[in-house]
Amino acid sequence: MDTVKVTDDQSDSGQSDTGQSDSGQSDTGVELTERRASSDRLVAQRTLFTGTSPVASDELYAVTKVGMSTRSRFELRLQPGAVAHTNTFFGRFPASYWQRWTAVTEVTVTARVVAETACRVQIQASDIGGHRRIVTNVVVTGTEQISMTAPLDTFVDGGALWLQFEAQGGGAVVDDVEWSVVSPKLLRPVAVAICTFNRADDCARTVEALASDERVLALLDALYVVDQGTDPVESRELFQKVSKKFGSRLQYLRQANLGGAGGFTRGLYEASEAGPHSDVILMDDDILCEPESVLRLSAFANMTTEPALIGAQMLFLFNPDYLLASGERVDLGTLQRGVPTDEHGVRNRSVLEKLPERRVDAEYNGWWTCLIPAEAIERIGLPLPVFFQWDDVEYSLRAGRAGIPTITLPSAAVWHADFYWKDVDGFAHYFSTRNGLITAALDPGFAPKALAKQLARDISHSIVGLQYGLAHTQIRAIEGFLEGPAGLADGGQKALATINQERKRFPETVTRPASELPGRLPIRRVAPSPKTGLWTDLVLAKRAVTQARNQLERGPVAISYEDAQWWHVGRFDHVFVTDASQGGVRERRFDSEKAAEMSGRLAGVIKRFLAEAPSVAQEFAQEFPQLTSRENWARLYEK
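The text that follows walks through the structure, step by step, so that each part is easy to find. (Residues numbered from 1 in each chain as written. Predicted model: local features only at pLDDT ≥ 70, side-chain atom pairs only at ≥ 80, totals over all residues. Heavy atoms only, no water.)

## Here's the deal with the overall build of the chain
Here comes step 1: A count of helical and extended segments in the chain gives 16 helices and 26 strands.
Here comes step 2: Computed over its C-alpha atoms, the radius of gyration of the chain comes to 27 Å, within 12% of the 26 Å expected for a compact globule of 639 residues.
Here comes step 3: Each principal axis of the C-alpha distribution contributes one length, and for the chain these read about 85 × 60 × 50 Å.
Here comes step 4: The buried share among the 639 residues of the chain stands at 58%.
Here comes step 5: For the chain, the proportion of contacts with a sequence separation of at least 24, taken over those separated by at least 6, is 79%.
Here comes step 6: Of the roughly 25800 Å² of accessible surface on the chain, a fraction of 49% belongs to carbon and sulfur atoms. (Helix = DSSP H or I, 4+ residues; strand = E, 2+ residues; numbered from the N terminus. Rg over C-alpha atoms; globule rule 2.2 N^0.38 Å. Buried < 20%, exposed > 50% of the residue type's maximum accessible area, 1.4 Å probe, protein only. Contact = heavy atoms within 4.5 Å. Areas by Shrake-Rupley, 256 points an atom, 1.4 Å probe, with all protein chains shown as cover.)

## A closer look at the environment of Ala402
Here comes step 1: For Ala402, the location among the structural elements is in the loop between helix 8 (391-401) and strand 23 (406-416).
Here comes step 2: Exposure remark for Ala402: the relative accessible area of 28% places this residue in the partly exposed category.
Here comes step 3: As a C-alpha pair, Ala402 and Ile380 span 22 residues in sequence and 7.2 Å in three-dimensional space.
Here comes step 4: Apart from residues no more than four positions distant in its own chain, Ala402 is found in contact with Arg379 and Ile380.

## Considerations on the packing of helix 9 (residues 428-441) against helix 12 (residues 493-502)
A pair of packed helices is characterised by two quantities: the angle between their axes and the separation of those axes.
Here comes step 1: Where helix 9 meets helix 12, the axes come as close as 9 Å, and the angle between the chain directions of the two elements is 130°. Between helix 9 and helix 12, the interaxial angle falls into the category oblique. For the pair helix 9 and helix 12, the crossing hand works out as right-handed. On the side of helix 9, the interface is formed by Tyr430, Phe431 and Arg434, while helix 12 contributes Ala495, Leu496 and Ile499.
Here comes step 2: Its residues assigned to classes, the contact of helix 9 with helix 12 shows five nonpolar, no polar and one charged. (Axes fitted to C-alpha atoms, helices over the stretch in contact; angles between N-to-C directions. Parallel < 35°, antiparallel > 145°, perpendicular 65-115°, else oblique. Left-handed = near helix turned anticlockwise from the far one by under 90°. Nonpolar A, V, L, I, M, F, W, Y, C, P; charged D, E, K, R; others polar.)

## Describing the nonpolar core
Here comes step 1: Counting 86 residues, the largest nonpolar core has Phe93, Trp98, Leu161, Leu210, Leu223, Phe246 and Met283 as its most contacted members.
Here comes step 2: With nine residues, the top contributor of residues to this core is strand 8 (residues 106-126).
Here comes step 3: Once residues lying within four places of it in the same chain are set aside, the contact partners of Leu210 are Val192, Ile194, Val216, Leu217, Leu223, Phe246, Met283, Cys289 and Val294.
Here comes step 4: Counting 51 residues, the second largest nonpolar core, distinct from the first, contains Ala261, Leu384, Leu455 and Leu627. (Core = buried A, V, L, I, M, F, W, Y, C linked by side-chain atoms within 4.5 Å.)

## Considering empty space enclosed by the protein
Here comes step 1: On inspection of all chains with the given rule, the structure shows five cavities of 30 Å³ or more.
Here comes step 2: Of the pockets and cavities examined, the largest cavity occupies roughly 310 Å³.
Here comes step 3: Taken together, 30 residues line the largest cavity, and the ones lying closest to its centre are Tyr97, Gln313, Ser326, Pro356 and Pro410.
Here comes step 4: For the lining of the largest cavity, the secondary structure elements donating two or more residues are helix 1 (95-101), strand 18 (322-325) and strand 23. (1 Å grid on protein atoms, 1.4 Å probe; cavity = no way out; pocket = protein on both sides within 12 Å on 5 of 7 lines; lining within 4 Å. Points joined across faces, edges and corners; volume = space filled by probe spheres on them.)

## A few points about the sheet that holds strand 24 (residues 557-559)
Here comes step 1: An order of 24-25-26 is seen for the three strands of this open sheet, with the pairing classed as mixed. Two strands close off the open sheet at either side, each with one partner strand: strand 24 and strand 26 (585-589). The sheet shows a mean angle of 25° between the axes of neighbouring strands, direction not considered. (Pairing = 2+ DSSP bridges.)

## Some remarks on the packing of helix 11 (residues 468-482) against helix 15 (residues 592-627)
Here comes step 1: Between helix 11 and helix 15, the shortest axis-to-axis distance is 7 Å and the interhelical angle comes to 25°. The angle between helix 11 and helix 15 places the two elements in the roughly parallel class. Once helix 11 is placed against helix 15, the crossing between them reads as left-handed.
Here comes step 2: Considering only residue class, the contact of helix 11 with helix 15 consists of 15 nonpolar, one polar and six charged.

## Some details on the packing of aromatic side chains
Here comes step 1: Throughout the structure, instances matching the rule amount to 20 aromatic pairs.
Here comes step 2: Their ring planes at 85° and their centres at 5.8 Å tell us that Phe264 and Trp367 sit as a pair that is edge-to-face. Of this pair, Phe264 sits in helix 5 (residues 259-271) while Trp367 sits in the loop between strand 21 (349-350) and strand 22 (369-372), and the two are 103 residues apart along the sequence. Each member of the pair Phe264 and Trp367 is classed as buried. (Phe/Tyr/Trp six-rings, centres within 6.5 Å; stacked < 30°, edge-to-face > 60°.)

## Points about the environment of Pro405
Here comes step 1: Relative to the elements of secondary structure, Pro405 occurs in the loop between helix 8 and strand 23.
Here comes step 2: Residue Pro405 is classed as buried on the basis of its relative accessible area, which comes to 17%.
Here comes step 3: Residues Pro405 and Arg92, 313 residues apart in the sequence, show an inter-C-alpha distance of 23 Å.
Here comes step 4: The contact partners of Pro405, leaving out residues within four places of it in the chain, are Trp101, Glu306, Pro307, Ala308 and Leu309.

## What about unusual backbone geometry?
Here comes step 1: For the bond running from Gly555 to Pro556, omega is 5°, close enough to zero to count as cis.
Here comes step 2: For Pro556, the location among the structural elements is in the loop between helix 13 (534-548) and strand 24.
Here comes step 3: Not every positive phi belongs to a glycine, and Leu466 is a case in point at roughly 65°.
Here comes step 4: Among the structural elements, Leu466 can be located in the loop between helix 10 (448-464) and helix 11.
Here comes step 5: Leu466 sits in the buried class, given a relative accessible area of 0%.

## Focus: the pairing of strand 15 (residues 250-254)
Here comes step 1: With five bridges joining them, strand 14 (residues 222-227) and strand 15 adopt parallel strand pairing. The residue bridging Tyr224 from the neighbouring strand is Gln251, located in strand 15.
Here comes step 2: Running through helix 4 (residues 237-246), the crossover from strand 14 to the neighbouring parallel element strand 15 is right-handed. (Right-handed = clockwise from strand over helix to strand, strands pointing away.)

## A word on helix 15
Here comes step 1: The terminal C-alpha atoms of helix 15 lie 42 Å apart, and with 36 residues this falls more than 12% below the ideal 52 Å at 1.5 Å per residue.
Here comes step 2: Remark: the principal bend of helix 15, roughly 55°, maps to Glu612, with a proline, Pro614, within the next four residues.
Here comes step 3: The opening residue of helix 15 is Asp591, an N-cap whose side-chain oxygen sits 3.0 Å from the backbone nitrogen of Glu593. (Expected span 1.5 Å × (residues − 1). Bend = angle between axes of the 7 residues up to and from the residue. Polar contact = N/O pair within 3.5 Å; in protein donor to acceptor, adjacent residues only side chain to side chain.)

So, to be careful, I would describe these as geometric facts and stop short of saying anything about function.
Now the structure itself:
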């Protein structure tokens, strides 16, 4: 590998006639250890016919719509008369995104085809409305290495490319299918950083997935496994076995628990610590990894016209053909993450039934799998030491303000545990609220009055819903924000210990076995939801008055998690609510003293927030360079 510093006056920088760097990105002065391309073609993606896990449906990769076929990872065997296509979640080439974000004007598909009589291979395309058309086709008789090219010139608003195979007369075999573009002379280095905390088996399997693909294994310049737990990953036989495939490229790092922010930042820190930088793909430990996504993210990063954060989509792990997250944005006025960017986007729906056609521009991408370009660290620094929650959002928003966009790339995805299986009443809500407030405070549009109204409403819902521990957690989060930058001094360890200890005084924060439920417990279904706006606030006031007068319906009753809305639970004095994990139940009881305590504290903290939030925001802005500096993170890592 060559160490190359990209500059305007460097004859080796690969300047093209368009004035762009050879990698397709504008020159930034960031020093990259770049690998000279071994070919004049860069593989953008490979056509896969099955996944690496039985969890993944074959139809996420390819569909046989007529006749019969058999498949392996890179090979499809068609019986006589069979027709198959790759107009699938992983089988499509995201043409719209390549046209929008790169200077690439065409893509070439190559494949090896063996036909007993004849096999027709077509490149097909779609547009924003899903209308299909044939781009080009070839008919193979015998054995042939085929090559077809499709222009990327009619996909600005949406659409994709894919292949269709028709075995005419006899059977046919298709394998080694690759989509490639003209390669830059120098390829951007890429590493993977996995953050883990006491998920040793999950982490070992993720590393195994990366090592299972020889092309991906050869692509990676480094793998950082940042272990912050007490059950070390290195103790697992599987990890010991697969780590040998990476050799010296694997850096296994142990450190104190600094949350996801501290773990992921350690990977970014190490990748840029000395001299040349590299792109880093941040990756959760507990995902089901599709290793092809690493190849696709890296290839796309090599060709974007400017550096970009490039994220993978997220599929549900328990509903593997359902797409949860893609092209998301955030509402800083309500501290809501995961807001759909476009109402027409596919969300929480099976991608076997509907594929997204419209190009959706993201505001941020979660760090379940997301590529951070080397230039981002150089231009905007490292993430905030906020322990976890919102670190990915804040970093993407900061990058966007600095001119570095976030792109969620279709056809690059991993599976992650479904979010709705995690109960909102946990210690994590402290960090979610506090860090959301920090992120909002750093934004030019910070609006304390609107936030105060939303926070008061949210916490009032918790109180009326008999979740006094959750209300306490939310109030403490606001107080944590008002501490200012000093609250981030230890990376979140004190806050974690404190909130966990404080929550123990609230019985409803503990999940109990369902077997402990009383016999003959009536189940109460949810009432219709109140209308939004003023009507919701009137229902809230009514529930609060009913509770203050202790005119509640007598329990105990059982309520499912899906039915456990605050306006429903708030009607009863004793409720067993199913935990989101479906592993047990939470017992909630009306407590007039706790309700009065939380209401009083809420009024006080909102008054403080309105008075102090503007000056606290200024403190965060002033201390921001120090908080995100290498020196601060080195101190936290005790390096």
